[in-house]
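# Notes for the structure review
Given next are the chains, with one letter for each unit.
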Amino acid sequence: MTVASTDRLVLREWTDSPDDLARIFDIYSREDVMRWLGGGAGRLLDPDQAAERLAAWRQRYAPYDGRYGLWAIEVRDTQTVAGSVLLKPLPGADGHTPTDDIEVGWHLHPDSWGHGYATEAARAVLAREFATGNRQVYAVVMPGNELSMAVCRRLGMSYLGRRTDWYGGTEVETFVLTDA
C-alpha cells in the first residue's frame, strides 16, 4: 500500500517479498546505521530476523490504521528501497507507553545517504500528518548524529536542545516543526 509519494519517491508498506526482507536485513544489520538507533540495541544478526522485525512493526502500528507506521522509501526510477521513514507517537518515560507527542524519523541505507531522500520522505509524511489537524511534530536524534540533525534543519525544524522526555529518559537532540 502506498502511503505517500513525491516526484522521486514512493513511500509504501514494507512487504514480505524476498527483496524487501533482504533490504530490511541489509539496513538494520549495519553498525553504521544501528549505532544511531538506541545505541545499536536491536541490530539484526541473522537474515531470518528481518521477517520477525517486519512482523513486530506491523503489530506495533496496526492500532493506528495506517496513520502512523514505519514505511519503505522506494526510489521511483530504480525501485530500490533507500530505507525507512517513520511517523509515530513518541514512547514516554517508561520507553514503551505512547505519548501524545508525534515523531518523524528516517533510517537510510548508507548507499542512499546524501541524495535528499530522508528530507523528501519526511516532508511527505509531515504534510500528511499536518493535514490531519496535528500542528506539531518532533524529531529526536542521538547526540553526534550530524547527518540526521542536518535533515532536521533542512526540514525547517527548530532545535529545542537535549531532552530526556521520551524513550525511557534517553538524552536526545530534540527538534520540532510547528505547522502554521
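Residues numbered from 1 in each chain as written. Predicted model: local features only at pLDDT ≥ 70, side-chain atom pairs only at ≥ 80, totals over all residues. Heavy atoms only, no water.

### Observations concerning the pattern of salt bridges
- Evaluated as defined, the whole model comprises 13 salt bridges.
- A salt bridge links Asp26 to Arg30, with the shortest nitrogen-to-oxygen separation between them at 3.1 Å.
- Given a relative accessible area of 27%, Arg30 falls into the partly exposed group.
- One network of salt bridges, with partners in common, ties together Arg23, Asp26, Arg30 and Asp111. (Salt bridge = Lys/Arg side-chain N within 4 Å of Asp/Glu carboxyl O. Buried < 20%, exposed > 50% of the residue type's maximum accessible area, 1.4 Å probe, protein only.)

### Considerations on the layout of surface pockets
- Looking at the largest pocket, its volume works out to about 1400 Å³.
- Along the walls of the largest pocket sit 50 residues, with Trp36, Leu37, Leu86, Trp106 and His107 positioned nearest its centre.
- Among the secondary structure elements, those contributing two or more residues to the lining of the largest pocket are α2 (31-34), α3 (49-61), β4 (81-91), β5 (98-108), α4 (117-130), β6 (136-141) and α5 (146-154).
- Among the elements that take part in the lining of the largest pocket, β5 stands out by supplying seven residues, more than any other.
- By volume, the second largest pocket is sized at about 170 Å³.
- Taken together, the elements giving at least two residues each to the lining of the second largest pocket come down to α3 and β3 (69-75). (1 Å grid on protein atoms, 1.4 Å probe; cavity = no way out; pocket = protein on both sides within 12 Å on 5 of 7 lines; lining within 4 Å. Points joined across faces, edges and corners; volume = space filled by probe spheres on them. Helix = DSSP H or I, 4+ residues; strand = E, 2+ residues; numbered from the N terminus.)

### A short note on the packing of aromatic side chains
- By the definition in use, this model includes five aromatic pairs.
- When the centroid spacing of 5.1 Å and the interplanar angle of 55° are considered together, the rings of Tyr159 and Phe175 count as tilted. With Tyr159 in strand β7 (residues 158-163) and Phe175 in strand β8 (residues 172-178), the pair connects residues that are 16 residues apart, well separated along the chain.
- Grouped by ring-pair contacts, the aromatic residues Trp14, Tyr28 and Trp57 constitute a single cluster. (Phe/Tyr/Trp six-rings, centres within 6.5 Å; stacked < 30°, edge-to-face > 60°.)

Remember, this is a structural readout, not a statement about activity or role.
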